[in-house]
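# Analysis of the macromolecular model
The primary structure of each chain is shown beneath.
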Amino acid sequence: MDAPDPSTGSYYVSDDFYAALVEDFSGWQTPDRAITDAALRESCAQFLAEEARLLDSDRLDDWLALFVPECIYWVPGTRDGDPRREIAIAFDDRRRLEDRIFRLRTGEAWSQRPRSRTTRMVSNIELFSTPDPEIAMVRSNFLTVEFRDGETRIWSGWNGHRLRDMTTRWKILVKQVNLIDYDQNLRNPSIVL
Amino acid sequence: MTGLRSIDGVASGPAWDYDKLVFEDRVHRILYTDPRIFDEEMTKIFGAVWVYLGHESQIPAPNDFVATRMGRRPLILVRDSEGVLRALYNRCTHRGSTVCREARGSAKSFQCGYHGWTFLNSGKLNGVPWPDGYADNFEDEKFNLAQVPRVESYRGFVFGTLNLDAPSLADYLGGVAGPLDEWLDRHPGGKVVVCEANRLKFKGNWKLLYDNSADGYHVVFSHRSLLAMENRFDEDGDKGMAFYKSSPDNAPMYVRYFGNGHHFKDKRPNVEDRPGALWEIEGPHPGMEHFEASLRQRLGDRADLALDLASSEPVNINVFPNLHILGNHIQVSTPVSVDETDTTWYGTAVVDETGELEGTVDAVNALRMRTQESFPNFGEVDDLVNFEQIQVGFQAEEDEWVYMHRGLGIPDRFEVDDDGVITGPPTDEVFMREHMKAWKRLMMAEPRIAISRTV
Ligand code: FES
Ligand SMILES: [Fe+2]
C-alpha cells in the first residue's frame, strides 16, 4: 500500500508523533550536543537565509518545498508545553500549511489585504546534534519587520528548526517559532512567521 | 463599602444625552470613538453589571490566582487559603502600585514591590515594614486591599459586579443560562477546563466585537476565505459554516435575544441531530484521520460521540458585556482604551472523571485542540481587521450614523414569547438593536457602585 498523501489525509499526526515531537523539543540546547563543524554551520546559515528570503518574497510554495512531506509548523503559546493538551498560536501539519497558503491567496483574507511586506533578520545560529546522525536541531534568533497598511512593527523571538539530511540538502521536519511575546494578546498575527 | 462615582459629593453624570445618540434603527459613531463615553462605560457597564472574570478551572486549588481585569481595573482572581473565590484589586492601599505582577500562580500572600506592604490572599493587610513609624492602627479595614463586593460563579464561570443593586447572577443571566447549560452538558460531567488560548487584540472599540457576536449577516463575506479554505477539496462542500452560503434566513438556525444584552445564535438546527453529524462537517484538521481511525477502533459504535466532542459546537452564546461561548471556546473581550480591545479565545478541554470515554479523553483533546485553533487563525483575524477598518471609517466625523436596522419594519419577522424573548432570522440585527437599548438604559442610570475591604 502506498503511504497516504499528507496533503489530503493527516495520518501521521498520531499519538506517537506528538510524543516524539515533545521529546525532540525538550532539553536539546546542551553544550555536549553543540555542533562546531564550520562547513555544516555555514550551509545551515545559508539554508535559513534562503528560507527567510522565500518568505519575504512571498514565494510560499517554494518555502513549503523546503519541508519534508510530513512536517509541522508550530508557534507555541507557552514554553515547554504539550500541544496535545493546550492551544497553540499555530500548529499546522502539511495540509493545514497548504490551507494557510490557500487562504492567503484567495485575495479575500481581509487580514492580509493589503498584504504584509516583511524583512527577516536571522542570526545567532547554533546547531545541536541528535541521536540520528542525519538530523540536527538548529536554534536561531529572528527579527521580522512587518509593514502593512501604513504601519511598521516587529516580531521577534527564536526559531527551533529540526532539519534532516544535513550532508546533502537540508529539509525542515519541524519549524518551531518561539515569540518573545507568545503569552500576550497579538494584533493581526496573519503572516507566516 | 464605599461609594465611588462621586468625589467630594460631586457626582459624575452622563457624558451625553444618550436619547439623541441611540435610536431604534441606528446609533451615533461617537459611541465608538469618544473617550468620555468609554470612561463612563468603565463604571456604568464594566462596574455595574455582572462582568465575566475567569473560569474556576484556572484556579482549581486554594491559594491559586490568575490576573484579570474588570474593564480596565487590574484584578487578581483568587481562591483564598480558605477556598473562597475573591476578586482583589491589584492595587496597593499604600500608594497604589500593583501587588501582583505575575499572570498566574499560587500564593498565600502578595507583597508590594515598592515599600513592601504585604497582604494575605483574602485581601487583609498582613504587614507593613517598620510600623512604629505610623500612628495608625493597621487593623483598620481601610488598609486591606479593595475587592469586588459581589463575586459569584455559575457552573465554573466566575463573574463579579460592583453594583450593590444588581440582581443575583442567576437573574442577570436569565434565559441565556439555558444555552450555557446545554453547552456544558454535552460534556462528560457537565464541565470543561480551560487550556491556554489564542490571544488577539484589535485597534477598535469593544462594542464592535459585541455587535458582531451574533451577526449572521457577515459570515459569508467576512469569512469568505475561511469557507473557501475549508471546502477547497470540494467547492460545493458542507464543511464548517457552509450552511450560511445560499440563503441563511431560510435555514433552520435562528438568533435569539434574552434581555440584559445577552443573545444567542443557534446554528445547531442546521446539523442533523445524530451522533457523528458534527464531526462530519468539520473541515480538515491536523491528526484528523489518524485519531478518527484510532477512536473508531477503540470505541466502535460509540466513537461518533467522542468525535463530536472534538468538533465545534455550532453556537454563539453572548453574555453582556464580555463573555462569548463560540464553538468550544470561551472567548473573553477586554477593553483597553476607546479604540483598543483584547480578545482572548480560551480553549477548553474535556475531562472524563467517570470513564464515559473509556480512556480516550486524551485522544479527544488532542483533536479538540486543533479544531479550536482553526477559527482564531483563519476566521477571527479577518473579523478583527474589519472592525479596525470600521474604526478608520468612523474618523469621517460628519457621517454620523451606524445602521443596525436589518429586519426592522418587516412584518412577522420575529416571534416574542411571554417572557419577552425575541427570536428571528439569523442574519437579522434585532439582537444588536436590543443590546444597544440595554446599553442606553445602563448609561443613563446611576448605579450604586461600591468596593469592599471586608475579609
Ligand atoms: S505602594 Fe505598595 S507599599 Fe508603597
Ligand atoms: Fe465572524
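Predicted model, so just to flag it, every value in this text is computed and none were measured.

### What to know about helix α2 (residues 38-56) of chain A
Residue and element names in this part refer to chain A.
- For α2, spanning 19 residues, the distance from its first C-alpha to its last is 27 Å, which sits close to the expected 27 Å at 1.5 Å a residue.
- Along α2, the positions that sit buried rather than exposed are C44, F47, L48, E51, A52, L54 and L55. For α2, the angular spread of buried residues about the axis comes to 165°, placing them on one side. Residues A38, A39 and Q46 are exposed on α2 and point more than 90 degrees away from its buried face.
- Here the buried face of α2 lies against α3 (60-64), β3 (117-129), β4 (135-148), β5 (151-164) and β6 (171-179).
- Two or three places before A39, at the opening of α2, D37 has a side-chain oxygen 3.1 Å from that residue's backbone nitrogen.
- Following α2 by one or two positions, D58 has its phi on the positive side, about 60°.

### What about a nonpolar patch on the surface?
All names here are of chain A.
- A cluster of nonpolar residues, M121, L143 and I154, forms a patch on the protein surface that exposes about 270 Å² of accessible area.
- Tracing the backbone shows L143 in strand β4.
- Accessibility expressed as a relative area gives 35% for L143, which makes it partly exposed.

### Notes on the coordination of the iron ion (ligand 2)
Residue and element names in this part refer to chain B.
- Protein coordination of the iron ion (ligand 2) is provided by H218 (NE2), H223 (NE2) and D383 (OD), with donor distances spanning 1.9 to 2.1 Å.
- On the primary sequence, the residues serving as donors to the iron ion (ligand 2) are separated as H-x4-H-x159-D. Pair noted here: H223 is in the loop between α6 (219-222) and α7 (224-230) and D383 is in helix α11 (residues 361-393), with a separation of 160 residues, a long-range link. One exposure class covers both H223 and D383, and it is buried.

### Re the sheet that holds strand β8 (residues 85-89) of chain B
Residues and elements named next belong to chain B.
- Taken in spatial order, the four strands of this open sheet run β8-β7-β6-β9, and their pairing is antiparallel. At either margin of the open sheet sits one strand with a lone partner, and together these are β8 and β9 (104-106). Ignoring which end each strand starts from, the neighbouring axes of this sheet average 30° apart.
- Two elements, strand β7 (residues 73-79) and β8, share five bridges in a ladder whose sense is antiparallel. Bridge pairing in β8 links V78 to R86.

### Points about the domain arrangement of chain B
Residue and element names in this part refer to chain B.
- Here the domain parsing of chain B yields domain 1 (51-154) and domain 2 (175-440).
- When each unit is reduced to the centre of its C-alpha atoms, the spacing between domain 1 and domain 2 is 34 Å.
- On the domain 2 side, the residues contacting the ten residues of domain 1 number 17 residues.
- Among the residues of domain 1 in contact with domain 2, Y52, R69 and Y154 are the three that bury the most area, contributing 48% of the side total.
- Across the domain 1-domain 2 interface, the total number found is two salt bridges.
- The partner of R104 in a salt bridge is E196, and the shortest N-O contact between them spans 3.0 Å.

### Section: the pairing of strand β16 (residues 254-259) of chain B
All names here are of chain B.
- With respect to burial, β16 is a largely interior element, five of its six residues being buried.
- Looking at chain direction, β16 and strand β17 (residues 262-266) are connected through five bridges and run antiparallel. Pairing of R256 across the sheet is with F264, part of β17.
- Remark: two residues form the turn of the hairpin made by β16 and β17, two consecutive strands paired antiparallel; N260 in that turn has positive phi of roughly 55°.
- Pairing of β16 with strand β24 (residues 422-424) involves three bridges; the strand directions are antiparallel. Across the sheet, the residue bridging to V255 is G424, located in β24.

### Considering the side chain of E196 of chain B
- Mapping E196 of chain B onto the fold places it in strand β15 (residues 192-202).
- Here R104 of chain B takes part through its side chain, which lies 3.0 Å from a polar atom of the side chain of E196 of chain B.

### Focus: the packing of helix α4 (residues 94-105) of chain A against α11 of chain B
- For the pair α4 of chain A and α11 of chain B, the least separation of the axes is 12 Å and the interaxial angle reads 10°. In this view, α4 of chain A runs roughly parallel relative to α11 of chain B, as classed from their interaxial angle. Contacts between α4 of chain A and α11 of chain B involve R96, R100 and R103 of chain A on the former and, on the latter, R370, E373, S374, N377, F378, V381 and D382 of chain B.
- In terms of residue class, the contact of α4 of chain A with α11 of chain B is built from two nonpolar, two polar and six charged.

### Details of empty space enclosed by the protein
All names here are of chain B.
- This structure, assessed with the given rule, holds six cavities of 30 Å³ or more.
- Computed from the structure, the largest cavity encloses a volume of approximately 610 Å³.
- Looking at the largest cavity, it is lined by 39 residues, and the ones nearest its centre are M241, K267, S312, L326 and F375.
- Among the elements of the structure, α5 (206-212), α7, β18 (315-319), β19 (323-326), β20 (329-337) and α11 are those that each provide at least two residues to the lining of the largest cavity.
- Per element, the largest residue contribution to the lining of the largest cavity is seven residues, and it comes from α11.
- Along the lines of polarity and charge, the residues of the lining of the largest cavity split into 14 nonpolar, 17 polar and eight charged.
- If you add up the space inside the second largest cavity, you get close to 160 Å³.

### Some remarks on the nonpolar core
Residue and element names in this part refer to chain B.
- One finds L31, Y32, F157, F159, W183, I330 and W439 to be the most contacted residues of the largest nonpolar core, which totals 96 residues.
- A per-element tally of this core places helix α12 (residues 430-444) first, with seven residues.
- Viewed by domain, this core spans two of them, domain 1 (51-154) and domain 2 (175-440), each represented by three or more residues.
- In contact with I330, other than residues within four places in its own chain, are Y52, H55, F157, W183, V194, L323, H324, I325, T344, W345, Y346 and T348.

### Regarding unusual backbone geometry
- Look at the link from R113 of chain A to P114 of chain A: it is a cis peptide, with omega at 5°.
- Here P114 of chain A shows up in the loop between α4 and β3.
- Cis geometry is adopted by the peptide bond preceding P321 of chain B, which originates at F320 of chain B and carries an omega value of 5°.
- Here P321 of chain B lies in the loop between β18 and β19.
- A positive phi angle, near 50°, is found at D149 of chain A, a position not held by glycine.
- Topologically, D149 of chain A is positioned in the loop between β4 and β5.
- Phi is positive for D412 of chain B, which is not a glycine, with a value near 60°.
- Mapped onto the elements, D412 of chain B comes out in the loop between β22 (401-403) and β23 (415-416).
- Overall, D412 of chain B belongs to the exposed group, its relative accessible area being 78%.

Cut-offs used in this document
- Residues numbered from 1 in each chain as written.
- Chains lettered and ligands numbered in written order.
- Predicted model: local features only at pLDDT ≥ 70, side-chain atom pairs only at ≥ 80, totals over all residues.
- Heavy atoms only, no water.
- Helix = DSSP H or I, 4+ residues; strand = E, 2+ residues; numbered from the N terminus.
- Expected span 1.5 Å × (residues − 1).
- Buried < 20%, exposed > 50% of the residue type's maximum accessible area, 1.4 Å probe, protein only.
- Arc of directions from axis to C-beta.
- Contact = heavy atoms within 4.5 Å.
- Polar contact = N/O pair within 3.5 Å; in protein donor to acceptor, adjacent residues only side chain to side chain.
- Patch = residues over 30% accessible without salt bridge, like charges linked within 9 Å, V, L, I, M, F, W, Y side chains within 5 Å.
- Areas by Shrake-Rupley, 256 points an atom, 1.4 Å probe, with all protein chains shown as cover.
- Salt bridge = Lys/Arg side-chain N within 4 Å of Asp/Glu carboxyl O.
- Donors = N, O, S within 2.8 Å, 3.2 Å for Na, K, Ca; no water.
- Pairing = 2+ DSSP bridges.
- Axes fitted to C-alpha atoms, helices over the stretch in contact; angles between N-to-C directions.
- Domains from an automatic or database assignment.
- Buried area = accessible area lost by both parts, 1.4 Å probe.
- Parallel < 35°, antiparallel > 145°, perpendicular 65-115°, else oblique.
- Nonpolar A, V, L, I, M, F, W, Y, C, P; charged D, E, K, R; others polar.
- 1 Å grid on protein atoms, 1.4 Å probe; cavity = no way out; pocket = protein on both sides within 12 Å on 5 of 7 lines; lining within 4 Å.
- Points joined across faces, edges and corners; volume = space filled by probe spheres on them.
- Core = buried A, V, L, I, M, F, W, Y, C linked by side-chain atoms within 4.5 Å.

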